[in-house]
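Next come the chains, spelled out residue by residue.
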Amino acid sequence: MSTDTFANPWQAREDIAITSVRAITTAPEGIALVVVRVDTNVPGLYGLGCATFTQRWKAVETFVNEHLARLLIGRYPGDIGDLTRLAAFTGYWRGGPVTNNAISGIDQALWDIAGKRAGMPVHELLGGKVRAAADTYLHASGRDAGEAIEHALALVEAGQRHVRLQVTTPGGGGYGAPSAPTEYPDAPYHNGWSARDYLRRTPALFEAARDKLPDNVELLHDVHSRLTPKEAVTLARSLEPYRLFFLEDVLAPEHWDRLPEVREASPVPIAVGELTTSLTDAVRLVKNGGVDFIRSHVSDIGGLTPARKIADLAELCGVRTAWHGPGDTSPIGAAANVALDVTSAAFGIQEGHVYSEPVHEVFPGTLRIQNGWLFPNETPGWGIDIDEAAAARYPAELSGHDAWAAGVRRPDGALEAP
Ligand code: MG
């Protein structure tokens, strides 16, 4: 790795400098997680940031190690704004998930260092709490409505107040529930997924759920970007009697300019944004009247620094936040979500993930959901470390997501948004 030092633009307040920047990839749950570690010349002072783009992790790893480390080594770690802008501007072309995840890794690692230097958790650096904890939702699914509702009931009994409900729809490429292949034996592609069948079956799931689940359980549903604007309105209207907390990702990013008309016609709140890959995309969603909840994947828009701007904009626009946070976010990224949640008046809900024990082994300090709530660590920085020897026991492989996405097709064989 090059150790070139680029010019310092001003005199640092203290004689602290970045000495190393490197990406660490590990897959304790079989999903590649990428974390950036930034070291300094102060013994024991380092930071960790989430750079997880699990589908293209090698590109992020190379970008951090080969392109960005040489820009940062020698620089003062307190200049977070300048260093993250430097990482973006030196590429000339900006945005996109590879660039933004790499920058997020650096951004969040620098916030971790700032917290450790101040002796404060990151949420205090952001202005302090406006709430004690973040309420979360978890995913329940099943091969039929009965199985999905049984799963949801188990989560409710464990303390969840919000549950995302998905049921198997025909085809191996159904989203969020077990697949049901070969439901179209006469079609060119037997494992196809049909929007029309999906629109017919989904309301029945929620009718059964409202019948069987306690009335105060909040229900959510994720379309995963597969409908046209008219189909989205049809689904939203068919779900009106079941009082959804939100309906997620009704349209693909290519059609987000049609969201305002969908939201206008929808009787249920619309949540969109996990596929935003720039701060600009996220700003447009908040400002154009197309969303009730903005739910960007924080590392995909460049990290905590840009996400704070979205949270502030959402507060001023009457939009709520629901940051993306399933298993393809590292525990550092999950902690960054919670730091935003507890410091923002715009908070709506937090997508949760119950990390398995190998993740806790690799990342000591990983947050645990308690009765549906996520509390931030009160230790300096993120309060989360990485055990690199443990991380090495769970090597990452090229993502199985490619194989899944390649199978998401209509019965006629045409590729569908995964
Ligand atoms: Mg989603």
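Note on numbering: residues in each chain are counted from 1, in written sequence order. Given that this is a predicted model, residues contribute local features only at a pLDDT of at least 70 and side-chain atom pairs are listed and counted only at 80 or more, while totals for whole chains, interfaces and linings are drawn from all residues. Calculated side-chain values reflect all of the structure's heavy atoms, with hydrogen atoms and water omitted.

A. Quick peek at the packing of helix α2 (residues 80-89) against helix α3 (residues 97-118). Only the contacting stretch of a helix is used when fitting its axis, a line to C-alpha atoms as for every element, and angles between N-to-C directions run 0 to 180 degrees. Secondary structure elements are taken from DSSP: a helix is a run of H or I of four residues or more, a strand is a run of E of two residues or more, and numbering for both begins at the N terminus. At a minimum axis separation of 10 Å, α2 and α3 run at an interaxial angle of 165°. Here α3 runs roughly antiparallel to α2, going by the angle between their axes. Helix-helix and strand crossings are classified by hand; for α2 and α3 the assignment is right-handed. Contacts from I80, L83, T84, A87 and A88 of α2 reach α3 at I103, D107, L110, W111 and A114. All amino acids are sorted into three groups, where Ala, Val, Leu, Ile, Met, Phe, Trp, Tyr, Cys and Pro are nonpolar, Asp, Glu, Lys and Arg are charged, and the leftover types, Gly among them, are polar. Residue composition of the contact of α2 with α3, by class: eight nonpolar, one polar and one charged. Throughout, the term roughly parallel applies to angles under 35 degrees, roughly antiparallel to angles over 145, roughly perpendicular to angles from 65 to 115, and oblique to all others. What makes a crossing left-handed is the near helix being turned counterclockwise from the far one by less than a right angle; a clockwise turn instead makes it right-handed. Two residues qualify as a contact provided that any one of their heavy atoms is within 4.5 Å of a heavy atom in the partner residue.

B. View of α2. Within the span of α2, buried status applies to I80, L83, T84, A87 and A88. Looking straight down α2, one finds that the buried residues subtend no more than 135° of arc, so they occupy a single side. Buried residues belonging to α2 abut β1 (18-26), α1 (57-72), α3 and α10 (304-317). Each residue is placed in one exposure class: buried if its accessible area under a 1.4 Å probe, protein chains only, is under 20% of its type's maximum, exposed if it is over 50%, and partly exposed if it falls in between. Our arc is simply the arc of the directions from the helix axis toward the C-beta atoms.

C. Representation of the pattern of salt bridges. Salt bridge, as used here, is a side-chain nitrogen of Lys or Arg placed within 4 Å of a carboxyl oxygen of Asp or Glu. By the definition in use, this model includes 25 salt bridges. Between R164 and D222 there is a salt bridge whose closest N-O contact spans 3.3 Å. Taken together, the residues span a long stretch of sequence, with R164 in strand β5 (residues 162-167) and D222 in strand β6 (residues 218-222) at a distance of 58 residues. Judged on exposure class, the residue R164 and its partner D222 are both buried. Shared partners join several salt bridges into a network, and the residues in it are R22, R37, D39 and E388.

D. Structural view of the packing of aromatic side chains. Here is the rule: rings of Phe, Tyr and Trp (six-membered ring for Trp) pair when centre to centre is within 6.5 Å. Planes less than 30 degrees apart are stacked, more than 60 are edge-to-face, and the remainder are tilted. For the coordinates displayed, the defined rule picks out seven aromatic pairs. Each residue in the set Y137, F245, F246 and F293 is aromatic and connected to the rest through ring pairs, giving one cluster. Sitting over the face of the ring of Y46, K116 holds its NZ or CZ atom 4.2 Å from the ring centroid. Any Lys NZ or Arg CZ that is within 6 Å of a ring centre and within 35 degrees of that ring's normal is treated as a charge sitting over the ring.

E. Region of the structure containing the sheet that holds β1. In this scheme, strands are said to pair when DSSP sees at least two bridges between them. Spatial ordering of the open sheet is given by β1-β2-β3, a layout of three strands whose pairing is antiparallel. On the outer flanks of this sheet lie β1 and β3 (46-50), each paired with one strand and no other. Across the sheet, the mean angle separating the axes of adjacent strands is 20° when strand polarity is ignored. Bridge count for β1 against strand β2 (residues 33-40) is eight bridges, and the pairing is antiparallel. Residue pairing for β2: S20 is matched across the bridge by D39. Sheet strands touched by α3: β1, β2 and β3. Its angle to β3, the strand with the most contacts, is close to 140°.

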